[in-house]
Each structure stands twice: as C-alpha cells, then as structure tokens.
Amino acid sequence: MNILQKRQSGVPVTEHASPTDRPPPRRARRIARRTGIALVAVFTVAGVVATGQFFFGAPGVGHFRSIDGRAEYVAAYEKAMAALPTPTATHDVTTAFGTVRAYEWSSPERADTVPVVLVPGRSSGVPMWTENLPGFLAHHRVLAFDALGDAGLSVQGVPLASTDDQALWIADALAQLDADDAHVVGHSFGGASAAAYARHFPDNVRSLTLLEPALTFAHPPARMLWWAAVSTLPGIPDGWRHTALGKVGGVDDHDPTDDTAAMIEQASRHFSAALPTPSPLGDDDLRALTMPTYVAIAERDSLAGGEQAADRARELPRAVVHVFPDTTHSLPMQAKDRLEVELPAFWRAAE
C-alpha cells in the first residue's frame, strides 16, 4: 500500500521527513552560528579601521594603492572632467606640501571680477562641480582644485599634521594663482578646509560659502560616519560599496553609470587618503569669521549635522543660513538651480 491507500483504509501511517525537511544537525548549526559571528566581527573590525583611516588619516601622505588602480581612477577622472566646460588654463602649482592641480575658467569679460574658488569634498575632486560651474562662470572668473592628500591629480609630498596645514597649502596655491582675494566655496570636508583657510587668512576671503560642511559646526550622525568609513574599505564587494556611497550621498542607491559617481567609486576603491581631522569650530573660531558667510544645510541625511549645525552657524557674525528642504548631503547638485541664483547675488552683496 502507498501512503494514500493506508490513510484511506485506516492503517496507521508513520511519515518520515525528507532529508531537505530535517533541521540541520546541532554541530552544523553551531558552525553556521560561529561563522556568522566571525563575519560580523571581521567587518566590525574592518569598519573600525576604516573609520580611523577615513577620519584620522593614514600615516604619511595620500597615495594610490597600486599603479593599475591609479590608471583606473585617472581614466574615470578624465571622463568626468569631460562633462565640465573646457578650462581656459590648467595649473600644477608647487606648494610647501605638494603639487596642486588647479583649473581656471576665465575670459576678458570676467578677468577683473573677484575670483570664485571651489574646494571639493572628500574623494570628489574638481569634477564634483559639474552641475554648478556653468552658473558661476556667467559672473566670475573661477578656480577649482583637487585637494592635497585626497584623490585627484594633486600630488601630496609632505604630511598634513592639522587643519592649519590645510589652510597653509590653500593660501600658498591661491597666492600663485592671483586669487588671494576671493569668494571661497567649500562642500563637505572641503567646507571644513575652506573655513580653516578663512579663519587663518580672513583678509584673503571676500566671502565664504559652506555647503553641507562636514565637522565644521557639529558632528555628523553616527550612522553617516559609519557609511562614510565603510565606503573606503579596500576589497569589499561592489554592491556594498555602492550602498555605502549612496548612503553618504543621501541617495537611494549609488549610480555607477554616472561619470562623477564612477570616479568617486574608483577613488574609494584605489586611493588611501592622509588628511587631518577637522573639529567643529569653537566660539573664538566663529567670532574670527567676520566675512559674509553663506551656509547651506541639508534637511535630511546631513553629514554637516542638520538643524544643530544650522543653529550653530547662525552664531557667525555675518551669516546667511538656510536649511534646504528635500535635500541631502549631495546638496550642491540637488539645489543647483537655487544656488545658481542665490550665490551670485550673495557675492555681489559681499563686494
């Protein structure tokens, strides 16, 4: 009799689970549990290491991890740069801390304007300004550079011991570029560098613009710190890196088909940065920033610190502070139309 016939005839039936239905042996469950715990431990340690490297910098100078990695990054960088208006000049400026790659956009009509200097965020370089540059060029001579110690075509030669050193190399480069009286604009960690430069060289800054400035007015949320650190881990799967980069940028998913996003991914994969960690400005630091200052903070997923950062920024002597609705840490790109109108007006008022 088969099982159905036995059931129909009333004969007791003992059913046996198939091998696939049986629970795993106790030993197998222990191994699986231990493996899971080990993986969590590995990635927790890796995250801690990455956090240290991301925020405190590796010893020495920033560098590519391999020759092939640099080649992949440069190819992505050049593709992203092709989306910008063609620079009128390219400069490799020698400073006390290394050679700074800078690009200039100028014309006879804008030659006598107060220059606008663009300081990029981490791993972003000059191509991050693709969305903003055309609107700025209509009004001013513009200079943008890749930061020393970070991914880009600048080459660091001497360690940066503090944010004071950040201010020094920026001052050195801008003096040689005839831009030591400028409207200075910084995004993310570039905002912290721009603020350091303005604090040390206030007479050189006609106005200061800080777009989602990291570690300038407040500390970021812990989860944003975590994702920022994970995004720089070497050797992690592409899917994880895309998720981390998306979280840092405040978007649902990192888009590797976007040229600038692809460049940033290559930077996080291949470049080991060596940068000092900024600290939120103290009361004396705020009072020292006496130039007109425009501060833009994202409404959500703010690496700058959100409303807490905005409240702190309002203590600046001459500040215009906005919390931009429906924006994230990618504020310069998300709010490009508004910035294209408000920043030139702000610069005119500062002059």
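Details of the structure are given in the entry above.
Residue indices begin from 1 for each chain and proceed along its sequence in written order. Per-residue local features are limited, in this predicted model, to residues with pLDDT of at least 70; the limit for side-chain atom pairs, both in listing and counting, is 80 or more; totals at the level of whole chains, interfaces and linings are taken over all residues. Only hydrogens and water are set aside when side-chain values are computed; all heavy atoms of the structure are taken into account.

J.: Before we go on, may I ask you to explain unusual backbone geometry in this structure?
T.: It is generally the case that most residues other than glycine have a negative phi and that most peptide bonds are trans. Of note in this structure, Ser123 is not a glycine but carries a positive phi near 65°. Helix numbers and strand numbers start at the N terminus; a helix is a DSSP run of H or I with at least 4 residues, a strand a run of E with at least 2. The topology assignment puts Ser123 in the loop between β4 (116–119) and α4 (133–137). Categorising residues by exposure relies on relative accessible area from a 1.4 Å probe, with only protein chains included: less than 20% of the type maximum marks a residue as buried, more than 50% marks it as exposed, and the intermediate range marks it as partly exposed. For Ser123, a relative accessible area of 10% gives the class buried. Phi angles above zero are rare outside glycine, and Leu215 is one such case at about 50°. Its place among the elements puts Leu215 in the loop between β8 (205–211) and α7 (222–230).

J.: Teacher, can you tell me more about the side chain of Ser207 here?
T.: Residue placement: Ser207 occurs in strand β8. Given the relative accessible area of 0%, Ser207 is considered buried. If near-sequence neighbours (up to four positions away) are discounted, Ser207 is found in contact with Ala182, His183, Val184, Met291, Pro292, Phe346, Trp347 and Ala350. Contact criterion: two residues are considered in contact whenever any of their non-hydrogen atoms come within 4.5 Å of each other.

J.: Which parts of the structure should I look at to understand the side chain of Gln156?
T.: Topologically, Gln156 is positioned in strand β6 (residues 155–156). For Gln156, a relative accessible area of 8% translates into the label buried. Counted as a polar contact is a pair of N or O atoms within 3.5 Å, where, for protein atoms, one must be capable of donating a hydrogen and the other of accepting one, and residues adjacent in sequence contribute only when both atoms are in side chains. There is a polar contact of 2.7 Å between the side chain of Gln156 and the backbone nitrogen of Gly62. At 3.0 Å, the side chain of Gln156 and the backbone oxygen of Val158 are in polar contact. Apart from the residues lying within four places of it in its own chain, the contact partners of Gln156 are Gly60, Val61, Gly62, Phe97, Gly98, Leu148, Gly149 and Ala274.

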